[in-house]
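# Descriptive structure summary
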Amino acid sequence: MTLKNEEKLASVEVIQESFEKLHYICNPQIATAVFLAYHLEKPILIEGPPGVGKTELAKTAAEMLELECIRLQCYEGLDESKAIYEWKYGKQLLYTQVLKETLNEILEGAKGLSQSVDKLHEFGDIFFSEEFLEPRPLLKALRNDDSCVLLIDEVDKSDHEFESLLLEMLSDFQLSIPEIGTVKAIENRKPLVFLTSNNTREISDALKRRCLHLYIPFPDVDLERKIVQARVPEIAEKLRNQMVTFIQELRDLDLKKVPAISETIDWARTLILLHSESLDPDLVRQTLNVILKFQEDIESVEAELQSVTNKALKEN
Amino acid sequence: MDRTLVDFVKVLRTAEIKVSPAETLDAMECMNIVGYEDRTFLKNSLAVVLAKNPEEKDAFYDCFDRFFAPEEFSRSEDSDDSENTDHNDFDDNDGDFNPNEGNNQQSGKGGGQGGGQGGGGEQEEELNEETTLQPTSELGKLLMTGSKTEQTIAMMEAGREVEVNQIVVFTQKGLYTRKIMDAMGLKGLQEEVSELQGHGGLPQRILAKNLKKARDLLREKVRDYVEKQFFLHADESGKQLREELLKKVKLSNLEKRNFKDVQEVVFKMAKKLIAIHSKRRKTFKRGQLDVRKTLRHNMQYDGMFFDIKWKASKVDRPKVMCICDVSGSVSNYSRFLLMFLFSLAEILPKVRSFAFSSDLGEVTKLFEHSTLEEAMARTMRDYGNGSTDYGRMLMDFKNHCIDDVNNKTTIIILGDARNNYGDPQAEILKEMYDKAKRVIWLNPEPKSSWTVGDAEMKKYAPCCHQTEVCNSLMHLERVVGNLLKSVT
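So, here is what we can say about the structure in this document. (Residues numbered from 1 in each chain as written. Chains lettered and ligands numbered in written order. Predicted model: local features only at pLDDT ≥ 70, side-chain atom pairs only at ≥ 80, totals over all residues. Heavy atoms only, no water.)

## Regarding the overall build of chain A
Regarding its fold elements, chain A presents 15 helices and 9 strands. Here chain A holds 316 residues, and the buried ones make up 50% of them. Contacts in chain A between residues at least 24 apart in sequence constitute 75% of all its contacts with a sequence separation of at least 6. Accessible area of chain A: about 14,800 Å², with a carbon and sulfur share of 49%. (Helix = DSSP H or I, 4+ residues; strand = E, 2+ residues; numbered from the N terminus. Buried < 20%, exposed > 50% of the residue type's maximum accessible area, 1.4 Å probe, protein only. Contact = heavy atoms within 4.5 Å. Areas by Shrake-Rupley, 256 points an atom, 1.4 Å probe, with all protein chains shown as cover.)

## Regarding the overall build of chain B
A count of helical and extended segments in chain B gives 22 helices and 6 strands. Within chain B, counting contacts between residues at least 6 apart in sequence, those at least 24 apart form 74% of the total. Here chain B has roughly 24,500 Å² of accessible surface; of this, 50% comes from carbon and sulfur atoms.

## A word on the pattern of salt bridges
Residues and elements named next belong to chain B. According to the stated counting rule, one finds 27 salt bridges over all chains in the structure shown. Where Lys43 meets Asp65, a salt bridge forms, and the shortest distance between an N and an O atom there is 3.1 Å. Of this pair, Lys43 sits in helix 3 (residues 39-50) while Asp65 sits in helix 4 (residues 54-67), placing them 22 residues apart in sequence. Among the residues examined, Lys43 registers a relative accessible area of 17% and is labelled buried. By relative accessible area, which is 31% here, Asp65 ends up partly exposed. Residues Arg352 and Glu362 are paired through a salt bridge, measuring 3.0 Å at the closest nitrogen-oxygen approach. With a gap of 10 residues between them, Arg352 in strand 2 (residues 351-356) and Glu362 in strand 3 (residues 360-362) connect regions that are remote in the sequence. For Arg352, a relative accessible area of 24% corresponds to the partly exposed category. Glu362 gets classed as partly exposed once you look at its relative accessible area, which sits at 38%. (Salt bridge = Lys/Arg side-chain N within 4 Å of Asp/Glu carboxyl O.)

## Notes on the interface of chain A and chain B
A common way to report how large an interface is uses the accessible area buried once the components associate. Across the boundary between the two partners, chain A contributes 38 residues, which contact 35 residues of chain B. Around 2,900 Å² of area is buried between chain A and chain B when both sides are counted, 59% of it from carbon and sulfur atoms. A per-residue breakdown of the area chain A buries against chain B is headed by Tyr89, Arg209 and His213 of chain A, which together make up 19% of the total. Between the two partners, chain A and chain B, sit 2 salt bridges. Ionic pairing is found between Asp205 of chain A and Lys18 of chain B, a salt bridge with its closest N-O pair at 3.3 Å. Connecting chain A to chain B are 7 residue pairs in polar contact (both at pLDDT 80 or more). Put simply, the parts of the chain that give the side of chain A that touches chain B at least two residues each are helix 2 (28-40), helix 4 (80-83), strand 3 (85-87), helix 5 (89-101), helix 9 (160-172), helix 10 (205-210) and strand 9 (212-215) of chain A. For the side of chain A that touches chain B, the leading source of residues is helix 2 of chain A, giving 8 residues. Here the residues of the side of chain A that touches chain B sort into 16 nonpolar, 7 polar and 15 charged. (Buried area = accessible area lost by both parts, 1.4 Å probe. Polar contact = N/O pair within 3.5 Å; in protein donor to acceptor, adjacent residues only side chain to side chain. Nonpolar A, V, L, I, M, F, W, Y, C, P; charged D, E, K, R; others polar.)

## Side note on a nonpolar patch on the surface
On the surface, a cluster of nonpolar side chains totalling about 480 Å² of accessible area is made up of Leu289, Val291, Phe305, Ile308 and Trp310 of chain B. Along the polypeptide, Val291 of chain B turns up in helix 15 (residues 291-298). (Patch = residues over 30% accessible without salt bridge, like charges linked within 9 Å, V, L, I, M, F, W, Y side chains within 5 Å.)

## Structural notes on the packing of helix 5 of chain A against helix 15 of chain B
It is at 12 Å that the axes of helix 5 of chain A and helix 15 of chain B come closest, and there the two elements cross at 10°. It follows that helix 5 of chain A is roughly parallel to helix 15 of chain B by the angle criterion. Residues Tyr89, Gln92 and Leu93 of chain A of helix 5 of chain A form the contact with helix 15 of chain B, whose participating residues are Val291, Arg292 and Leu295 of chain B. Residues that form the contact of helix 5 of chain A with helix 15 of chain B fall into these classes: 4 nonpolar, 1 polar and 1 charged. (Axes fitted to C-alpha atoms, helices over the stretch in contact; angles between N-to-C directions. Parallel < 35°, antiparallel > 145°, perpendicular 65-115°, else oblique.)

## A few points about a negative patch on the surface
On the surface, a cluster of negative charge is contributed by Glu13, Glu17 and Glu20 of chain A together with Glu37 and Asp38 of chain B. As for its placement among the helices and strands, Glu20 of chain A is situated in helix 1 (residues 12-21). Its relative accessible area of 45% is what places Glu20 of chain A among the partly exposed residues. (Lys, Arg positive; Asp, Glu negative; His and termini not counted. Charge placed at Lys NZ, Arg CZ, Asp CG, Glu CD.)

## Concerning the packing of aromatic side chains
All names here are of chain B. Throughout the structure, instances matching the rule amount to 19 aromatic pairs over all chains. Between Trp441 and Tyr460, the aromatic rings sit 4.9 Å apart at their centres with planes inclined by 20°, giving stacked as the arrangement. One end of the pair, Trp441, is in strand 5 (residues 438-443); the other, Tyr460, is in helix 21 (residues 457-460), and 19 residues separate them in sequence. On the basis of relative accessibility, which here comes to 0%, the residue Tyr460 falls in the buried class. Among the aromatic side chains, those forming a connected cluster through ring pairs are Phe8, Phe60, Tyr61, Phe64, Phe67 and Phe68. (Phe/Tyr/Trp six-rings, centres within 6.5 Å; stacked < 30°, edge-to-face > 60°.)

Structural data, given as structure tokens:
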């Protein structure tokens, strides 16, 4: 595939840099995956806990390459009529009406039924044709004049049937529409495909085999600091280090849902709004609901709040 | 390099990373793009292509580090240095055993200062070449003049030739070491050494001595290499062998030390079964209006929506009730039966689990919310090790649960049907048989003893759709497989 901003995908370091310019800080693994996805022309399946920037990666890639980002949000019950194509039924009905009215003209001079049928065939059948086709995200991505980024979000939420439906698209960049035929991606205009999954269920091997697999874990301290700095540059360095240490400590606790990067960023914004300069137990207690989303988690953390906060303060 | 990659893929497979041929091809393409210069880059790239879940990624990094051991890489990078170092070592010996040589002092000094001094080494090499004999055998030449990289490559090639990756058990290490040495031309070297020793001249003797020393070093190295290969290839396949055996062995004969392995096997089995059967896990909602189908169907009625089509709605809610005997008579088995029950609860969406020795108790919640060990321990504590009373169990079931049984329910009973000569209450089982879709009895005892002593299988069996012997993990796997097929 050739893209207008191909040079931005020249090497892993270049990708990392260009991402960084867009405030998306990534480790070499992530950049490697993007690099390979482009050069091998393969989709990437991104897995990882919620809130580590899986969807963001696709969006940032689109922004970096200045491509359109076509997004397909998966959910239970999603089927081909919402993902690939649908017929414009209203127009099709109108067409039959029009056809009925012009029927006399078409059949003029025909003798007998067989001649009429022949004449009707000559007229051409556009009932199932491109004119009445309403493209949905997958088809749109294939037929896009320019390359695009296709984001198939939370593929684990969709049904097994839909997963199988994706296989053709992912391996050959083509889709079959029974009434029309096979639609192929324009050569060198293949979309860059990202799939994300929260692992609520195991993705089938068939799908995994067709994709590169990228697992994004929670970032380590350094990376998370960089991310917060890139996303919330206003925050003071001291506070930033403290809160990152605090979050990292929380991830070691036994919680129902540990805070992810998105929560860290939200928390940083909250702390700025509150004009805080340093963490203290009271402040943390008041803002705990920003980073923890379950009451039982909040309760269990509150018990250890003092010690965790002190640890965060001491280390920075 | 292709061959190496294939070998690597094989190693990955023994480490239980599923790599398909298509993925191997992807990996080759990926190597073409990435190149071999940057180790971490290559590692990350291959990880993206070959390992497809977090556990596999960890295993992959481990395998990569072991397979492409960094020392071999670094050797090839600074092969020049190591070459010189090598010669320094040998020169050192020369110095010691050649007190009359003119360059004695110099080489002694060079050797004494140790390896790593590239310049000095080269100089000595030149000087020594004039005075020492050169070996004639292939291996001898390699040992005396080849760089470490060349030696390593020759060793790996020989290893490939004798198929060292087929190594299975620990005791084969000696054999393979020997085989590799032979393949590298040990015979020629030995002959040369004995010939040199027989010759009697000083330079010959020195050369023989050096060759012997180098040979021993090489043997050490080969042994090391074989050991590494053993851990790479055999460690895992040995485990597979053990697991296969465990599957066949009777559950009651398993010893405590095997429990951990068994648990792993059961989990693996369960996972496999989940993968196959979880597709049917879904319970479908009511169908929606299928516009396309409706439209197409109604074209014959002049486009009037006359015959409305709905999207097929599958209502498929298999229900399983599992009753497990945990009494003393089956205590050897109950652990595994519970394990099985636990795995089953993971596979099927609607499993209700019960345990009893006399009183029936529901453990569904317990199984849902705790780990296997905890669930098993608590079940055994609460219900285990009493004397069996099947009649009582069936009575309890009738009182509490029979209303929940309908024609979609499968009832599985795990137990030996030894009722201590109590009232078997087979008529209740008959009632369950009539109401449920299927009643399956899994008995750990062999069929021949089903009617011996206080066993009531004779009375119970007619009230079951299916009775099966189930006393090894293999049985368990087969039974569960069939079960899932029929249940879902």
